[in-house]
Amino acid sequence: MATIQWRPEVNVLTAPHSYWIRFVPRNVVDSQELATRMSAAMPNYSVEELRTILTLRNETIQTALANGERVTEDNAFVYTLSFTGRLERSDDSLPPLKDALHVKSHATQPFVN
């Protein structure tokens, strides 16, 4: 397994300045490469079949989020919706969703360990 690359970056919002850790990716693994790697590990499935499965998986997660659901993959990732924005009063209407609504994802603890 390769090591994880990183570099320190100045956090200009702190006084005195501190540093935060920036991840530096070695490569970008797209859907095609992911399917290729999965096919090598499971030769009974073709790359195209696995690409189809990955596409369906993403569409299923997207549909669940659009329905207001949180998606948790065991020992892997959590996907949920979040809002950014400010309301002056509790009965204010939401800002436009294109500006305020976001998808958050993070690794679950067993995945990180």
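The structure displayed is predicted, hence computed values, not measured ones. (Residues numbered from 1 in each chain as written. Predicted model: local features only at pLDDT ≥ 70, side-chain atom pairs only at ≥ 80, totals over all residues. Heavy atoms only, no water.)

Comments concerning the nonpolar core
Moving on, step 1. Of all hydrophobic cores here, the largest spans five residues; its members are Ile-61, Ala-64, Leu-65, Val-71 and Tyr-79.
Moving on, step 2. Ranked by the residues each element gives to this core, the list is headed by helix H2 (residues 47-66), at three residues.
Moving on, step 3. The residues touching Leu-65, leaving out its near neighbours within four places in the chain, are Tyr-79, Thr-80, Leu-81 and Val-103. (Core = buried A, V, L, I, M, F, W, Y, C linked by side-chain atoms within 4.5 Å. Buried < 20%, exposed > 50% of the residue type's maximum accessible area, 1.4 Å probe, protein only. Helix = DSSP H or I, 4+ residues; strand = E, 2+ residues; numbered from the N terminus. Contact = heavy atoms within 4.5 Å.)

Regarding the packing of helix H1 (residues 31-41) against H2
Moving on, step 1. H2 packs onto H1 with a crossing angle of 120° between their chain directions and a minimal axis gap of 8 Å. For the element pair H1 / H2, the angle class is oblique. Relative to H2, the crossing made by H1 is right-handed. Counting all contacts with H1, which are made through Ser-31, Gln-32, Leu-34, Ala-35, Thr-36, Met-38 and Ser-39, the residues of H2 involved are Val-47, Leu-50, Arg-51 and Leu-54.
Moving on, step 2. Tallied by class, the residues present in the contact of H1 with H2 amount to six nonpolar, four polar and one charged. (Axes fitted to C-alpha atoms, helices over the stretch in contact; angles between N-to-C directions. Parallel < 35°, antiparallel > 145°, perpendicular 65-115°, else oblique. Left-handed = near helix turned anticlockwise from the far one by under 90°. Nonpolar A, V, L, I, M, F, W, Y, C, P; charged D, E, K, R; others polar.)

Quick notes on the pattern of salt bridges
Moving on, step 1. Taken as a whole, this structure holds eight salt bridges when the rule is applied.
Moving on, step 2. Here Glu-9 makes a salt bridge to Arg-7, at a shortest N to O gap of 2.9 Å.
Moving on, step 3. The class of Arg-7 is partly exposed, set by a relative accessible area of 39%.
Moving on, step 4. Because the salt bridges share partners, they merge into one network encompassing Arg-7, Glu-9 and Arg-22. (Salt bridge = Lys/Arg side-chain N within 4 Å of Asp/Glu carboxyl O.)

So, the sheet that holds strand S3 (residues 71-72)
Moving on, step 1. The three strands lie next to each other as S3-S4-S5, forming an open sheet whose pairing is antiparallel. Either end of the sheet is taken by a strand with one partner, and the two such strands are S3 and strand S5 (101-107).
Moving on, step 2. In this structure, strand S4 (residues 77-83) lies alongside S5, joined through seven bridges in antiparallel fashion. For Ser-82, the partnering residue across the bridge sits in S5 and is His-102. (Pairing = 2+ DSSP bridges.)

Things to note about a nonpolar patch on the surface
Moving on, step 1. A contiguous nonpolar surface patch, about 620 Å² in accessible area, is contributed by Leu-81, Phe-83, Leu-87, Leu-94, Leu-97, Leu-101 and Val-103.
Moving on, step 2. Counting residues per element, the ones that place at least two in the nonpolar patch are S4 and S5. (Patch = residues over 30% accessible without salt bridge, like charges linked within 9 Å, V, L, I, M, F, W, Y side chains within 5 Å. Areas by Shrake-Rupley, 256 points an atom, 1.4 Å probe, with all protein chains shown as cover.)

Looking at the pairing of strand S2 (residues 18-23)
Moving on, step 1. Little of S2 is tucked away, with zero of its six residues classed as buried.
Moving on, step 2. Alignment of strand S1 (residues 6-11) against S2, held across six bridges, turns out to be antiparallel. Each residue of the ladder has a partner; that of Asn-11, found in S2, is Ser-18.
Moving on, step 3. Counting the residues that bridge the hairpin from S1 to S2 gives six residues.

Topic: the side chain of Ser-82
Moving on, step 1. With respect to the helices, strands and loops of the structure, Ser-82 is situated in strand S4.
Moving on, step 2. According to the relative accessible area criterion, Ser-82 is buried, its value standing at 16%.
Moving on, step 3. Other than its neighbours up to four places away in sequence, Ser-82 contacts Ala-100, Leu-101, His-102 and Lys-104.

As far as function goes, none of this settles anything; it's purely spatial.
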